[in-house]
Amino acid sequence: MSWALVAFLVSPAVGQALDGRSAAVTAVAAALGWLLWTAALVATLVPRTTSLTVYRTIAPGTLVAAVWSALGGGGPLATAVAVASAALAVVVAFLSVTGDVFVDGSSYGPERRLALRPPATLVLGVVQVTWLVAFGGLVAGPLLLAARQWVFGGVLLAAGWPAAWYALQRLHLLARRWVVFVPAGLVVHDPITLADAALFARRSIVAVRPAPVDNPSIDLTRNALGLAIEILFDQPQELSISPGRRQPPDSVAVRGVLCTPSRPAAFLDAARGHRLPVPVGPSHTAVPPPTTSSPS
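**Q** Would you explain the packing of aromatic side chains in this entry?
**A** What characterises a pair of aromatic rings is the spacing of the ring centres plus the angle enclosed by the ring planes. Applying the stated rule across the entire model yields six aromatic pairs. Both rings, one in Trp-3 and one in Tyr-55, keep their centres 5.9 Å apart while their planes meet at 80°; by these two values the pair is edge-to-face. Here Trp-3, found in helix H1 (residues 2-17), pairs with Tyr-55, found in helix H3 (residues 49-71); they are 52 residues apart in sequence, far enough to count as distant. One exposure class covers both Trp-3 and Tyr-55, and it is buried. Considering the side-chain rings of Phe-181 and Phe-267, the 5.2 Å spacing of their centres and the 50° angle between planes classify their relative orientation as tilted. Taken together, the residues span a long stretch of sequence, with Phe-181 in strand S2 (residues 178-182) and Phe-267 in helix H8 (residues 264-273) at a distance of 86 residues. For the pair formed by Phe-181 and Phe-267, the shared burial category is buried.

**Q** Would you take a moment to explain the side chain of Arg-177 for this structure?
**A** Tracing the chain through its elements places Arg-177 in the loop between helix H7 (150-175) and S2. Ignoring sequence-local partners within four residues, the contact set of Arg-177 consists of Ala-115, Leu-116, Arg-117, Pro-118, Pro-119, His-189, Asp-190, Pro-191, Ile-192, Leu-220 and Thr-221.

**Q** Would you explain the sheet that holds strand S7 (residues 229-240) in this entry?
**A** Through backbone hydrogen bonds, the strands of a sheet pair up, either in parallel or in antiparallel fashion. Read from one edge of the open sheet, four strands run S5-S7-S8-S6, paired in mixed fashion. Two strands in the sheet have a free side with no partner beyond their single neighbour: strand S5 (205-210) and strand S6 (218-219). On top of the sheet, H8 reaches S5 and S7; it is set at about 155° to S5, its chief contact.

**Q** Sorry if this is basic, but what is going on with the environment of Thr-62 here?
**A** Of note, Thr-62 is situated in helix H3. Residues Thr-62 and Val-83 lie 21 residues apart in sequence; the distance between their C-alpha atoms is 8.7 Å. In contact with Thr-62, not counting residues within four places along its chain, are Trp-3, Val-6, Val-10 and Ala-86.

**Q** What is the right way to look at the environment of Leu-276 in this model?
**A** Tracing the backbone shows Leu-276 in the segment after H8. The class of Leu-276 is buried, set by a relative accessible area of 6%. Separated by 90 residues in the primary sequence, Leu-276 and Leu-186 have C-alpha atoms spaced 9.0 Å apart.

**Q** What is the right way to look at the nonpolar core in this model?
**A** Among soluble globular proteins, nonpolar side chains are generally buried collectively. With 33 residues, the main nonpolar core has Trp-3, Val-6, Val-10, Tyr-55 and Ala-59 as its most contacted residues. Those elements giving two or more residues to this core turn out to be H1, helix H2 (23-45), H3, helix H4 (76-93), helix H5 (96-104), helix H6 (120-146) and S2. For this core, the element with the highest residue contribution is H1, accounting for six residues. Ignoring anything within four residues of it in the chain, the contact list for Tyr-55 reads Ser-2, Trp-3, Ala-40, Ala-43, Thr-44, Pro-60, Ala-89, Val-92, Ala-93, Thr-98 and Phe-102. In this structure, Leu-114, Ala-198, Phe-200 and Leu-268 belong to the second largest nonpolar core, which totals 27 residues.

**Q** Can you walk me through a nonpolar patch on the surface in this structure?
**A** Side chains of Val-91, Leu-95, Val-97 and Val-101 sit close together on the surface and give an oily, nonpolar patch of about 300 Å² of accessible area. The residue Val-91 is located in helix H4 in this model.

**Q** Please clarify how H7 should be interpreted in this entry.
**A** Owing to its 3.6 residues per turn, the α-helix aligns residues three or four sequence positions apart on the same side. For H7, with 26 residues, the first-to-last C-alpha span of 36 Å sits near the 38 Å given by 1.5 Å per residue. Along its length, H7 reaches its greatest deviation from straightness, about 30°, at Gly-160, and the proline Pro-162 lies no more than four positions downstream. For H7, every residue scored as buried is listed here: Gly-153, Gly-160, Ala-164, Ala-167, Leu-171, His-172, Leu-173 and Ala-175.

**Q** Whenever I open this one, the pattern of salt bridges confuses me. Can you help?
**A** It is possible for side chains of opposite charge to pair when their charged atoms get near one another. Inspection of every chain in the model, using the stated rule, returns five salt bridges. Where Asp-190 meets Arg-177, a salt bridge forms, and the shortest distance between an N and an O atom there is 2.8 Å. Separated by 13 residues along the polypeptide, Asp-190 in the loop between strand S3 (185-189) and strand S4 (198-201) and Arg-177 in the loop between H7 and S2 bring together distant segments of the chain. Each member of the pair, Asp-190 as well as Arg-177, is classed as buried. Between Glu-230 and Arg-209 there is a salt bridge whose closest N-O contact spans 2.9 Å. Note that Glu-230 is positioned in strand S7 and Arg-209 in strand S5, a separation of 21 residues in sequence. With respect to burial, Glu-230 and Arg-209 carry one shared label: buried.

Rules behind the numbers
Residues numbered from 1 in each chain as written. Predicted model: local features only at pLDDT ≥ 70, side-chain atom pairs only at ≥ 80, totals over all residues. Heavy atoms only, no water. Phe/Tyr/Trp six-rings, centres within 6.5 Å; stacked < 30°, edge-to-face > 60°. Helix = DSSP H or I, 4+ residues; strand = E, 2+ residues; numbered from the N terminus. Buried < 20%, exposed > 50% of the residue type's maximum accessible area, 1.4 Å probe, protein only. Contact = heavy atoms within 4.5 Å. Pairing = 2+ DSSP bridges. Axes fitted to C-alpha atoms, helices over the stretch in contact; angles between N-to-C directions. Core = buried A, V, L, I, M, F, W, Y, C linked by side-chain atoms within 4.5 Å. Patch = residues over 30% accessible without salt bridge, like charges linked within 9 Å, V, L, I, M, F, W, Y side chains within 5 Å. Areas by Shrake-Rupley, 256 points an atom, 1.4 Å probe, with all protein chains shown as cover. Salt bridge = Lys/Arg side-chain N within 4 Å of Asp/Glu carboxyl O. Expected span 1.5 Å × (residues − 1). Bend = angle between axes of the 7 residues up to and from the residue.

Quick look at the structure:
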């Protein structure tokens, strides 16, 4: 609903700010605006992980357009309404529950998918720069060409679209981070941290709980903000870790892992619903310290 309103509340303000521009610039800006709005509308109607990336890439662009219209001479009332409606659309796009709905839309059969929070190191700057490359790369070239800036427009069109495609792929990695509850147990799917998705059989899981401060489990959260969940096993489980700056072993055997669901309470409720052991109240589940081994 919030996205449907954007077309009727933001476009008049942007149209006012475009008064005095050439007919070509106005036409290209309108075409790009309606094309992107339609793409995001389709994404909201067909929730999938790919749709989530599309929605979360386009929604902030609408806020940028609304703010630009406010600074570019649009009517005070129209621009205020435009900025407020665009800001609401951005908030809705980035709600944790929105992420879960879109991620779970890609589930198969009896699966239940819940999104993981992004690593803090990416949220604080990297994501914003990547988004700027993705969105700016899509729109800058056509707008400059419409303004008869042939050299800069041609360069940005030739270089901007491939750069935007690459940036969108990097952003899409964040939408592909989830935990899946399946009949056999639980799967952690995280292409940023894990080289391969990790399946943990129900019979091997001894506890799913909020992580205590002192725990020996391997950290898969990448310092994501929010409550970490600890999953403990009765026997060592094999993980294939993506190499990072410190180049950890490709394969490790662990007795526990930490992950950070976007909605921890919903995650624990889903774990109970799938008959996984979720302790009630303070948990004192004891397990031997996890061991780490490299493949021979």
